[in-house]
Amino acid sequence: MVKNSFISVISQKEKEENRGSVEFQVLSFTNKIRRLTSHLELHKKDYLSQRGLRKILGKRQRILAYLSKKNRVRYKELIGQLNIRETKTR
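Criteria and thresholds
- Residues numbered from 1 in each chain as written.
- Predicted model: local features only at pLDDT ≥ 70, side-chain atom pairs only at ≥ 80, totals over all residues.
- Heavy atoms only, no water.
- UniProt positions renumbered as here; feature names shortened; annotations may be inferred.
- Core = buried A, V, L, I, M, F, W, Y, C linked by side-chain atoms within 4.5 Å.
- Buried < 20%, exposed > 50% of the residue type's maximum accessible area, 1.4 Å probe, protein only.
- Helix = DSSP H or I, 4+ residues; strand = E, 2+ residues; numbered from the N terminus.
- Contact = heavy atoms within 4.5 Å.
- Salt bridge = Lys/Arg side-chain N within 4 Å of Asp/Glu carboxyl O.
- pLDDT = per-residue confidence, 0-100.
- Expected span 1.5 Å × (residues − 1).

As annotated in an unreviewed UniProt entry, the chain carries the name Small ribosomal subunit protein uS15c and comes from Sideroxylon wightianum. Under Subcellular location (unreviewed entry), UniProt gives the following word-for-word description of the chain: "Plastid, Chloroplast". In UniProt, the chain has this text filed under Sequence similarities (unreviewed entry): "Belongs to the universal ribosomal protein uS15 family."

Right, here's the structure in full:
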């Protein structure tokens, strides 16, 4: 695993203050997703990690849906900073 590839968009001071913020939650889920994805490239038959990855993806998707409903500008900024594809809206 390459730890340098993880994202630190939020400064250290903001991390300590706003651990419950939507941006911090999406950031931490994104880091977990990238770490699990790199793990699964090596261990293709690790089905428990695949399940964990799907659960984390669902959580991040729900949080991003909430943010897009509440504040579309913050949502667009966060998507741009983290290089995440925009979710399809129904």
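Student: Go over the nonpolar core with me, naming the residues and quoting the values.
Tutor: With 17 residues, the main nonpolar core has Val 26, Leu 64, Leu 78 and Leu 82 as its most contacted residues. Looking at which element gives the most residues to this core, the answer is helix H2 (residues 22-42), with seven residues. If near-sequence neighbours (up to four positions away) are discounted, Val 26 is found in contact with Arg 60, Ile 63, Leu 64, Leu 78, Leu 82 and Ile 84.

Student: Quick one: what's the story with unusual backbone geometry, residue by residue and with numbers?
Tutor: Of note, Asn 83 is a non-glycine position whose phi angle comes to about 55°, a positive value. Mapped onto the elements of the fold, Asn 83 is located in the segment after helix H4 (72-82).

Student: Tell me about the pattern of salt bridges, and please be specific about residues and values.
Tutor: In total, this model carries three salt bridges according to the counting rule given. Measuring nitrogen to oxygen at the nearest pair gives 2.7 Å for the salt bridge that ties Glu 86 to Arg 72. Here Arg 72 lies in helix H4 and Glu 86 lies in the segment after H4, a separation of 14 residues in the sequence. Residue classification places Arg 72 among the partly exposed positions, given a relative accessible area of 37%.

Student: Pulling in residues and values, what's your account of the confidence of the model for the chain?
Tutor: For the chain, per-residue confidence averages 86 on the pLDDT scale, and residues scoring 70 or more make up 79% of the total. Mean pLDDT across the elements of the chain ranges from a minimum in helix H1 (residues 12-17), with 59, to a maximum in helix H3 (residues 47-70), with 96.

Student: Tell me about H3, and name the residues and values.
Tutor: In this model H3 runs 35 Å from its N-terminal to its C-terminal C-alpha over 24 residues, within 8% of the 34 Å that 1.5 Å per residue would give. Buried residues belonging to H3 abut H2 and H4.

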